[in-house]
Amino acid sequence: MSQILINQSVAILCDGNNIERSIHTISKNKNAMINFDTLIPKLLNGRGLNRMIYFREGKSISSKFADRLHENFYGSVIPCHKSADIPLTIKATQLASKVDTIIIMSGDSDYVELVTHLKGEGVRVEIAAVRDTTAQILIDKSDYMHEITSNDWFVYKAPK
C-alpha cells in the first residue's frame, strides 16, 4: 500500500493571558513561561503552520518574545485592550476559510461558541491547554485536546 501524504494547514491562536495564568497556577511559579520552540512542533505534528498569533492583554509584552515568535514561526503578538476573547474570535473566523485546522491555546469556556461555529464551517478545531484549568465543555466540543504539561514550559530566571 502506498504512503498517503496528508498536508494540513494549521493556524495556532493563543490566548496568552489564559495560558500564562494556567501554567502559573499549576507550576506555582509566576516566572513559568511556555516553551514555544518545543510546543509548536508538538502541536503541528508534521502539519504546516499557516499562522501563529499570540493575543495578550496589556501593554507589557516583551519585544524579545515578539521577535522570537516572528523569527521562529513568523508569529505575531497582538496586544488586546481587555481580554483576548473577541480579537481571537474575530481572527479565527477570518482564518476559517484559509486553513484546515485551528488550534486554540486556551482552556476558557468562552470559546465554546467559537469552536461550534468553526466546526460548522468545516474547520477542525483543536484545543491546547493545561487539563486541570480547562473547561470540560471546551474539551468535549473540540475535535482534539493537546495537553500542555510541565514539559512544555520553563521557569525564566532573570539575569543577575
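Since we're looking at a predicted model, the values are computed, not measured. (Residues numbered from 1 in each chain as written. Predicted model: local features only at pLDDT ≥ 70, side-chain atom pairs only at ≥ 80, totals over all residues. Heavy atoms only, no water.)

K.L.:
Could you clarify how one ought to interpret the packing of helix H4 (residues 85–95) against helix H5 (residues 112–120) in this entry?
P.N.:
At a minimum axis distance of 11 Å, the contact between H4 and H5 shows a crossing angle of 5°. Between H4 and H5, the interaxial angle falls into the category roughly parallel. Contacts from Leu-88, Thr-89, Ala-92 and Thr-93 of H4 reach H5 at Leu-114, His-117 and Leu-118. Across the contact of H4 with H5, the residue classes break down as four nonpolar, three polar and no charged. (Axes fitted to C-alpha atoms, helices over the stretch in contact; angles between N-to-C directions. Helix = DSSP H or I, 4+ residues; strand = E, 2+ residues; numbered from the N terminus. Parallel < 35°, antiparallel > 145°, perpendicular 65-115°, else oblique. Contact = heavy atoms within 4.5 Å. Nonpolar A, V, L, I, M, F, W, Y, C, P; charged D, E, K, R; others polar.)

K.L.:
Explanation requested: helix H2 (residues 36–44) in the structure shown.
P.N.:
If you check which residues of H2 are buried, you get Phe-36, Leu-39, Ile-40, Leu-43 and Leu-44. One side of H2 holds all its buried residues, which, seen down the axis, span an arc of 125°. N-cap assignment for H2: the residue whose side-chain oxygen lies 3.2 Å from the backbone N of Asp-37 is Asn-35. The positive-phi residue at the C-terminal boundary of H2 is Asn-45, with phi of around 50°. (Buried < 20%, exposed > 50% of the residue type's maximum accessible area, 1.4 Å probe, protein only. Arc of directions from axis to C-beta. Polar contact = N/O pair within 3.5 Å; in protein donor to acceptor, adjacent residues only side chain to side chain.)

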